[in-house]
Amino acid sequence: MAIWSKKFDDQIITDIPLSTPLEELNLLVVDTETTGFAVGKDDRLIEIGAVPVKGLKVLEKESFQSYVNPGRDIPPVITDLTSIRQSDVADAPEAMEAIEALFDKGKQLGIHALAGHYISFDLLVFKHELRRNSLRYQEPPAMDTLDLLSYLVPTWEMKDLAYYASVFETRMYDRHTALGDALTAAYLFCELCERVKERGITTWGELLALRSSRTP
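Small disclaimer: the values here were computed from a predicted structure and weren't measured. (Residues numbered from 1 in each chain as written. Predicted model: local features only at pLDDT ≥ 70, side-chain atom pairs only at ≥ 80, totals over all residues. Heavy atoms only, no water.)

1. Notes on helix H7 (residues 178-197)
An α-helical segment advances 3.6 residues per turn. Residues three or four places apart therefore align on the same side.
Next, step 1: Look at H7: 28 Å from first C-alpha to last across 20 residues, which is about the 28 Å you get at 1.5 Å a residue.
Next, step 2: Of all 20 residues in H7, 15 are buried, a share of seventy percent or more. (Helix = DSSP H or I, 4+ residues; strand = E, 2+ residues; numbered from the N terminus. Expected span 1.5 Å × (residues − 1). Buried < 20%, exposed > 50% of the residue type's maximum accessible area, 1.4 Å probe, protein only.)

Structure representation (structure tokens):
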């Protein structure tokens with residue numbers, strides 16, 4: 001039996017009817033920053049940012065942000081990209097504590113699912129950080145802005161978050177900060193949801209079905 005066989009409880013309310021209107025969904029848009037992309041090996045979480053979306057509205061005042069102590073040096077290239085320095089994370093909580101705080105926030109808000117831009121990476125970060133704490137993470141329902149974009153404009157190649165925010169004229173915040181990217185993704189997500197509604201996608205089940213429309 002694997003040592004991470006105990007499941008981490010993210011406290012997300014997943015048992016909602018597929019017929020639930022999009023306007024009744026409570027989502028948490030998340031983003032992470034790490035020391036690099038090899039999160040299954042040597043790279044570690046250094047920041048989590050999240051913002052809730054309720055009624056397809058972004059609740060900025062309920063935003064969540066936490067630096068994370070990675071227990072290793074932050075490469076200069078990552079500091080250049082994110083502006084996160086060793087001094088920012090020196091007294092920050094470790095990954096397990098920060099992840100628990102994130103999902104405690106989600107519980108307070110009655111979250112039904114996660115969302116984000118290229119959220120598969122963020123879920124992978126959580127998975128490996130929890131595994132290091134001998135916990136198994138069963139991924140919750142999650143929607144990616146890329147799924148919505150693939151449905152709306154299937155001929156587009158994958159671009160940067162800032163590109164899509166510019167094209168759809170949604171709010172843009174500090175790039176390559178977890179909270180800034182979460183906020184940017186949240187406003188983009190809401191705009192894309194309004195656009196898919198115009199094409200008849202009006203329920204949670206119909207939105208989830210769009211996840212299979214994106215070519216891996």
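2. Quick word on the pattern of salt bridges
Where charged atoms of side chains with opposite charge meet at close range, the side chains can pair.
Next, step 1: Summed over all chains, the structure comprises nine salt bridges.
Next, step 2: With its nearest N and O atoms 2.5 Å apart, the salt bridge here joins Glu 23 to Lys 197. Of the two residues, Glu 23 sits in the loop between strand E1 (6-7) and strand E2 (26-34) while Lys 197 sits in helix H7, which places them 174 residues apart along the sequence.
Next, step 3: Residue Glu 23 is classed as partly exposed on the basis of its relative accessible area, which comes to 37%.
Next, step 4: According to the relative accessible area criterion, Lys 197 is partly exposed, its value standing at 24%.
Next, step 5: Linking Arg 72 and Asp 43 is a salt bridge whose minimum nitrogen-to-oxygen distance equals 3.2 Å. In this pair, Arg 72 is assigned in the loop between strand E5 (64-67) and helix H1 (76-82) and Asp 43 in the loop between E2 and strand E3 (45-54), connecting sequence segments 29 residues apart.
Next, step 6: Since its relative accessible area comes to 27%, Arg 72 is described here as partly exposed.
Next, step 7: Judged by its relative accessible area of 11%, Asp 43 falls in the buried class. (Salt bridge = Lys/Arg side-chain N within 4 Å of Asp/Glu carboxyl O.)

3. Looking at a negative patch on the surface
Next, step 1: Judged by side-chain charge, Glu 94, Glu 97, Glu 100 and Asp 104 come together as a negatively charged surface patch.
Next, step 2: Structurally, Glu 100 can be placed in helix H3 (residues 95-109).
Next, step 3: The class of Glu 100 is partly exposed, set by a relative accessible area of 36%. (Patch = residues over 30% accessible without salt bridge, like charges linked within 9 Å, V, L, I, M, F, W, Y side chains within 5 Å. Areas by Shrake-Rupley, 256 points an atom, 1.4 Å probe, with all protein chains shown as cover. Lys, Arg positive; Asp, Glu negative; His and termini not counted. Charge placed at Lys NZ, Arg CZ, Asp CG, Glu CD.)

4. Points about the packing of aromatic side chains
Next, step 1: Per the counting criterion, the structure on display carries 11 aromatic pairs.
Next, step 2: Centre to centre, the rings of Trp 156 and Tyr 164 are 6.0 Å apart; their planes meet at 15°, and the pair counts as stacked.
Next, step 3: The partly exposed category is assigned to Trp 156, whose relative accessible area is 32%.
Next, step 4: Accessibility expressed as a relative area gives 2% for Tyr 164, which makes it buried.
Next, step 5: By way of ring pairs, the aromatic residues Phe 8, Phe 103, Phe 126 and Tyr 137 are connected into one cluster.
Next, step 6: Note that Lys 159 overlies the ring of Tyr 163, its terminal NZ or CZ placed 5.7 Å from the centroid. (Phe/Tyr/Trp six-rings, centres within 6.5 Å; stacked < 30°, edge-to-face > 60°. Lys NZ or Arg CZ within 6 Å of the ring centre and 35° of its normal.)

5. Considerations on the packing of helix H5 (residues 145-152) against H7
Next, step 1: Contact pair H5 / H7: the axes reach a minimum separation of 10 Å and the direction vectors enclose 35°. Handedness of the crossing formed by H5 with H7: left-handed. Listed contacts from H7 to Thr 145, Leu 148, Leu 149, Tyr 151 and Leu 152 of H5 are Ala 185, Leu 188, Phe 189, Leu 192, Cys 193, Arg 195 and Val 196.
Next, step 2: Here the contact of H5 with H7 is composed, by residue class, of 10 nonpolar, one polar and one charged. (Axes fitted to C-alpha atoms, helices over the stretch in contact; angles between N-to-C directions. Left-handed = near helix turned anticlockwise from the far one by under 90°. Contact = heavy atoms within 4.5 Å. Nonpolar A, V, L, I, M, F, W, Y, C, P; charged D, E, K, R; others polar.)

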